[in-house]
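# A look at the structure
These are the residues of each chain, in order.
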Amino acid sequence: MKTWRNFNSKHVKGIQMAEQKPVKRAITLGGGGPAAGLHIGALEALATKGIKFDVWALSCIGAWVGIVYNQWGDNENKVEKTYQFFKNGVFRDDESYKRFPINTVFGADKKFKRMDEGDLNRWVLNQAMAPNPLVRYLTSMMYLSNINGLSRINYPDSEFMKGIDFEALKGPGKPDIFHNAWNLDEQKLALFANRPMKVANEKYNYEGPIDARSLCACSALPFVEGTVEIDGVTYCEGALVDTVNFESLLEEHHNPPNDKLHEVWTFRIVDSKQIRKPENLHDALANLCQLFAATVGEDDVKLFKYHVKYDRPGTGKNGKNRKNGKRMEDWWNGTVVEVHVPGHINFKWNHSNLDNGRALGKAAALQAIERYEKEKGKSHPDEPLFINENPEQEEGWRAVRDKYYDYQKRAAVRPQAKIAL
């Protein structure tokens, strides 16, 4: 008869260690501008399933969503408050957007207090110009034609930017959060974080804490938005180089044997199937943002998976360090979970697109979570595990895809129609 004393002590020790060490997860939120609703919907699905993250690697609109989301306390409805932030502060109502196709990030709060340049610009844009039918008509003639120009979003002292509590990101219990930007002066990737980062190398530098200026810098897309100067250095969007911000993820946050990073969840929100023939300046600018993000983001994920599978990070150059002819224990053999993006959203900064993106993002994330629950226990000794790489033949993904097609057909008839999933 087997007794407790006869039970293998190694098994007991292994069970105890498994119980003492929770899964450490990282999430990457990529760029994609008006597709921000996809991120919000995905975070809603993850929150519903109780999946939390210890590390947030962000770029472009993913940085805005991730930072706004994490400023709230655990006792608050983070998803709904994030949605309301973007609905009321960035996206415009459908009716006014038809002839005034500009997001409201340049708009102003209605509080009459001492306004800086950004507040004044936002007030003029949203409360004076946007409601005027003649201005909307003239704007549509100009903006929906072959004219281009640069926008500016860097107004750190505006009431809009003050709506983000950057200090809250540094509080106890908050995850590690970092986003990128591109240092135009030194031609290097720059990282900004809510806590000091440990490592700098020839590819990237840690430049300082996350604040209003760094957040604006990370989404300052060249040829569309003006660059941002921080302490004498000029920055633009980092997603041009690293869309999903994998560059330093493992180097910074995988520290074996006592602080291993077990899972990386990837969220690209743009895909080449979203690109369409431009009919005006609005569409052309949308394609400019999305075309590079779609291809670069897809390649970034492929390169990251190749890196962890063949370069074997954590073992020195090219992963060749070995001990007694065996792979060293600090090789990263964690799990990569991919949430695939829908191909049938548009790039309009209006409320219906935000709502549709939220619904589609939630559906896509739920499909990935279901796949994750089925495969997370799969044995993968000394090798990383990739989940939901190619879900095209999976029943759950086909159901999501069919919903996309239904929406695409309805949108062709009624462009502002909302999808219900």
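### Details of the pattern of salt bridges
Proximity of charged atoms lets side chains of opposite charge pair with each other. A full pass over the atoms with the stated rule returns 21 salt bridges. For Lys24, the salt bridge is made with Asp259, and the minimal N-O distance between the two is 3.0 Å. Of this pair, Lys24 sits in the loop between helix H1 (9-20) and strand S1 (25-29) while Asp259 sits in the loop between helix H10 (249-253) and strand S8 (263-267); the two residues are 235 residues apart in sequence, bridging distant segments of the chain. For Lys24, a relative accessible area of 11% translates into the label buried. Of the residues examined, Asp259 reaches a relative accessible area of 33% and is grouped as partly exposed. Among the ionic pairs, Lys374 bridges to Glu370, the shortest N-O distance being 3.8 Å. Here Lys374 and its partner Glu370 are both found in helix H12 (residues 351-375), four residues apart, which amounts to about one turn of the helix. A residue is classified by how much of its surface remains accessible, and Lys374, at 58% relative accessible area, is exposed. In the salt-bridge network here, residues are joined through shared partners; they are Glu44, Glu80, Arg358 and Lys362.

### Remarks on the nonpolar core
Core analysis: the largest hydrophobic core is formed by 80 residues, its most contacted members being Trp64, Phe86 and Trp265. In terms of residue count, the dominant contributor to this core is H12 (eight residues). The contact partners of Phe86, leaving out residues within four places of it in the chain, are Ile40, Ile61, Trp64, Val65, Val68, Phe91 and Leu354. Judged by nonpolar contacts, the second largest core, of 23 residues, contains Leu191, Val244, Val301 and Phe304.

### Observations concerning unusual backbone geometry
Along the chain, Pro256 connects to Pro257 via a cis peptide bond; the corresponding omega equals 5°. As for its position among the elements, Pro257 is in the loop between H10 and S8. Even without a glycine there, the phi angle at Gln187 is positive, about 55°. We classify Gln187 as partly exposed; its relative accessible area is 48%. The backbone phi angle of Asn388 is positive, close to 65°, even though this residue is not glycine.

### Focus: the confidence of the model for the protein chain
Averaged over the protein chain, the pLDDT score is 80; the fraction of residues at 70 or greater is 76%. Of all secondary-structure elements in the protein chain, the lowest mean pLDDT belongs to strand S10 (residues 326-327), at 42, while strand S2 (residues 55-58) reaches the highest, 97. Across residues 1-19, confidence stays below pLDDT 50; counting only partners more than four residues off in sequence or on other chains, it has three contacts. Across residues 106-113, confidence stays below pLDDT 50; counting only partners more than four residues off in sequence or on other chains, it has 24 contacts.

### Focus on the pairing of S1
Across the five residues of S1, five count as buried, placing the element largely inside the fold. Neither face of S1 is exposed, since Arg25, Ile27 and Leu29 on one face and Ala26 and Thr28 on the opposite face are all buried. In terms of strand pairing, S1 meets S8 through five bridges, oriented parallel. For Thr28, the partnering residue across the bridge sits in S8 and is Thr266.

### Let's talk about the pairing of S8
Taking burial as the measure, the five residues of S8 include five buried ones, the bulk of the element. Burial along S8 is two-sided: Glu263, Trp265 and Phe267 facing one way and Val264 and Thr266 facing the other are all buried. Strand direction decides the pairing type here: S8 and strand S11 (residues 335-339), joined by five bridges, are parallel. The partner of Phe267 across the bridge, within S11, is Val339.

### Remarks on the packing of helix H2 (residues 36-48) against helix H4 (residues 78-89)
Where H2 contacts H4, the axes come no closer than 10 Å and their chain directions differ by 170°. With respect to H4, the element H2 is oriented roughly antiparallel. Along its contact with H2, which presents Ile40, Leu43, Glu44 and Ala47, the element H4 presents Val79, Thr82, Tyr83 and Phe86.

### Thoughts on helix H11 (residues 281-311)
Under the 1.5 Å per step criterion, the end-to-end length of H11 is 43 Å for 31 residues, consistent within 8% with the ideal 45 Å. Of the residues flanking the end of H11, it is Arg312, one or two places downstream, whose phi is positive at about 55°.

### Points about the environment of Ala190
Turning to its location among the elements, Ala190 is positioned in strand S4 (residues 188-193). By relative accessible area, which is 0% here, Ala190 ends up buried. Distance in space between the C-alpha atoms of Ala190 and Cys218 is 9.3 Å, their sequence separation being 28 residues.

### Quick word on the environment of Gly41
Considering the arrangement of structural elements, one finds Gly41 in helix H2. With relative accessibility at 0%, the residue Gly41 sits in the buried group. C-alpha separation for the pair Gly41 and Tyr83, spaced 42 residues apart in sequence, amounts to 9.0 Å.

### Considering the side chain of His39
In this structure, His39 sits in helix H2. Judged by relative accessible area, His39 falls into the buried class, the value being 0%. Excluding anything up to four places from it in sequence, His39 contacts Leu29, Gly30, Ile61, Gly62, Val65, Phe267 and Ile269.

About the thresholds
Residues numbered from 1 in each chain as written. Predicted model: local features only at pLDDT ≥ 70, side-chain atom pairs only at ≥ 80, totals over all residues. Heavy atoms only, no water. Salt bridge = Lys/Arg side-chain N within 4 Å of Asp/Glu carboxyl O. Helix = DSSP H or I, 4+ residues; strand = E, 2+ residues; numbered from the N terminus. Buried < 20%, exposed > 50% of the residue type's maximum accessible area, 1.4 Å probe, protein only. Core = buried A, V, L, I, M, F, W, Y, C linked by side-chain atoms within 4.5 Å. Contact = heavy atoms within 4.5 Å. pLDDT = per-residue confidence, 0-100. Pairing = 2+ DSSP bridges. Axes fitted to C-alpha atoms, helices over the stretch in contact; angles between N-to-C directions. Parallel < 35°, antiparallel > 145°, perpendicular 65-115°, else oblique. Expected span 1.5 Å × (residues − 1).

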